[in-house]
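Chain and residue survey
For reference, the chains in residue letters:
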Amino acid sequence: PVERTLVLIKPDAVRRGLVGEILSRFERKGLTIDVLVKREMDAELADAHYAEHVEKPFYPPLKEFMTGGPLVALILSGDSVIDVVRTLVGATDARKAAAGTIRGDLANSNRENLVHASDSPDSAKREINLWFPNF
Ligand code: CMP
């Protein structure tokens, strides 16, 4: 079934000039970019987006990283896009992500892992509403 998912190309990717490389991988896979914007994540949006992580020990540095520079937020659509994008992106800990994935090929950190992607239909719906309330 055609689904939608929310992707963030994180500040490390913008800083490193990897936005085009990452978008290209999604396009070559045959996914559709529905909306795309460069913006910053402020503290309020960070706490809402990462609501399930705000109490975790890794959250303060994660918040500092995610609010520390511009990122690119997009909605992708396609058949089974939520799982397809998770597969393309690779494991959260980029040090362990498989070669051939975005994180496996281009990152080597558990925090600065280049991309966020919704992990379920419920989180996709919640995150699209949060980032693109008018979509
Ligand atoms: P993301 O998919 O955006 O979801 C939560 C983020 O927190 C994750 O990617 C990483 O950037 C970060 N993260 C998750 N676990 C850890 C951890 N153990 N240490 C540092 N950062 C983490």
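Residues numbered from 1 in each chain as written. Predicted model: local features only at pLDDT ≥ 70, side-chain atom pairs only at ≥ 80, totals over all residues.

Observations regarding unusual backbone geometry
Phi is positive for S80, which is not a glycine, with a value near 55°. Here S80 shows up in the loop between strand 3 (71-79) and helix 5 (81-89). Here S80 falls in the exposed class, since 12 other C-beta atoms lie within 10 Å of it. (Helix = DSSP H or I, 4+ residues; strand = E, 2+ residues; numbered from the N terminus. Buried ≥ 20, exposed ≤ 12 C-beta atoms within 10 Å, placed from the backbone.)

Topic: the pairing of strand 3
Bridge analysis of strand 1 (residues 2-9) against strand 3 gives eight bridges, and the strand direction is antiparallel. If you follow L8 over to strand 3, its bridge partner there is A73. Across seven bridges, the pairing between strand 2 (residues 32-39) and strand 3 is antiparallel. Looking across to strand 3, one finds that L36 is bridged to L74. (Pairing = 2+ DSSP bridges.)

Some details on the confidence of the model for the protein
Looking at the protein as a whole, its pLDDT mean stands at 98, while 100% of the residues score no less than 70. Among the scores for the predicted complex, ipTM is 0.93 and pTM is 0.97. (pLDDT = per-residue confidence, 0-100.)

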